[in-house]
Amino acid sequence: MTRPREGDTHTFERTFTPEEVRQFADLSGDEQARHLEPDDEGRLLVHGLLTASLPTKIGGDLDVLARSMEFEFHRPVYTGEALTCEMKIDSVAVRDDHYDLGGSVTCWNERDEEVMTGTVEGLVWK
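All of the points below concern the structure found in this document. This is a predicted model, so every value here is computed, not measured.

Observations regarding helix α4 (residues 53-61)
- Regarding α4, the residues found buried are L54, P55, I58 and G59. Viewed end-on, α4 has its buried residues packed into an arc of 140°, placing them on one side of the element.
- Each element contacted by the buried residues of α4 is listed here: β1 (9-15), α3 (48-51), β2 (65-73), β3 (82-94), β4 (98-109) and β5 (114-125).
- Looking one or two residues past α4, D63 carries a phi angle of roughly 60°, positive in sign.

Have a look at this one:
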């Protein structure tokens with residue numbers, strides 16, 4: 001892992017499938033009809049915490065051990081929608097054996113509408 005730096009941005013893109021939403025429903029136990037029954041356009045509503053797995057992927061790529069994550073969900077996400085998630089490193093504090101970092105997250109859909117924003121705090125071991 002290279003040293004995290006303030007101002008670095010990292011991006012991940014993903015489109016969730018109906019099968020992934022069903023798997024998450026089974027795994028999480030959140031089997032609300034809105035996640036399992038298609039809407040008039042044949043789409044399933046993606047769970048908020050499944051959407052929140054986008055910044056989790058970025059954090060994993062950066063070897064971040066999360067301490068806290070806070071998300072705000074602005075609009076629904078549906079299967080088949082292309083999503084982009086960006087994490088910006090807002091702060092880095094150098095410690096003896098690790099870096100403390102804080103980041104901001106923005107995720108948007110293919111219509112450039114924000115679907116989720118949030119903050120992440122964690123550490124990266126040296």
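Having seen the model, we can carry on.
Structural notes on the nonpolar core
- V105 and C107 are the most contacted members of the largest nonpolar core, which totals 25 residues.
- When contributions to this core are tallied by element, the ones reaching two or more residues are α1 (18-28), α4, β3, β4 and β5.
- Ranked by residues supplied to this core, first place goes to β3 with five residues.
- Beyond its immediate sequence surroundings of up to four residues, C107 is in contact with L54, P55, T84, C85, E113, E114, V115 and M116.

A closer look at the sheet that holds β1
- Spatially, β1-β3-β4-β5-β2 is the arrangement adopted by the five strands of the open sheet, whose pairing is antiparallel. Where the open sheet ends on each side, the last strands, each with one partner, are β1 and β2. Neighbouring strand axes in the sheet, compared pairwise and without regard to direction, differ in orientation by 20° on average.
- Bridge analysis of β3 against β4 gives eleven bridges, and the strand direction is antiparallel. In the strand pairing of β4, V94 is matched with Y99.
- Contacts between α4 and the sheet are confined to β1, β2, β3, β4 and β5, with β3 contributing the most and set at about 50° to the helix.

Topic: the side chain of H47
- Looking at the secondary structure, you find H47 in the loop between α2 (33-36) and α3.
- A relative accessible area of 2% places H47 in the buried class.
- A distance of 3.0 Å separates a polar atom in the side chain of H47 from the backbone oxygen of D30.
- Discounting residues that sit within four places of it in the chain, H47 has contacts with V21, F24, A25, S28, D30 and H35.

Considering the pattern of salt bridges
- All told, the structure shown has nine salt bridges when counted by the stated rule.
- Its salt-bridge partner being D39, residue R43 comes within 2.8 Å of it at the nearest N-O pair.
- Judged by relative accessible area, D39 falls into the partly exposed class, the value being 26%.
- Between R75 and E113 there is a salt bridge; the shortest N-O distance is 3.7 Å. Of this pair, R75 sits in the loop between β2 and β3 while E113 sits in the loop between β4 and β5, and the two are 38 residues apart along the sequence.
- Overlapping salt bridges, with partners in common, bring together R75, E81, R111 and E113 in one network.

About the cut-offs
Residues numbered from 1 in each chain as written. Predicted model: local features only at pLDDT ≥ 70, side-chain atom pairs only at ≥ 80, totals over all residues. Heavy atoms only, no water. Buried < 20%, exposed > 50% of the residue type's maximum accessible area, 1.4 Å probe, protein only. Helix = DSSP H or I, 4+ residues; strand = E, 2+ residues; numbered from the N terminus. Arc of directions from axis to C-beta. Contact = heavy atoms within 4.5 Å. Core = buried A, V, L, I, M, F, W, Y, C linked by side-chain atoms within 4.5 Å. Pairing = 2+ DSSP bridges. Axes fitted to C-alpha atoms, helices over the stretch in contact; angles between N-to-C directions. Polar contact = N/O pair within 3.5 Å; in protein donor to acceptor, adjacent residues only side chain to side chain. Salt bridge = Lys/Arg side-chain N within 4 Å of Asp/Glu carboxyl O.

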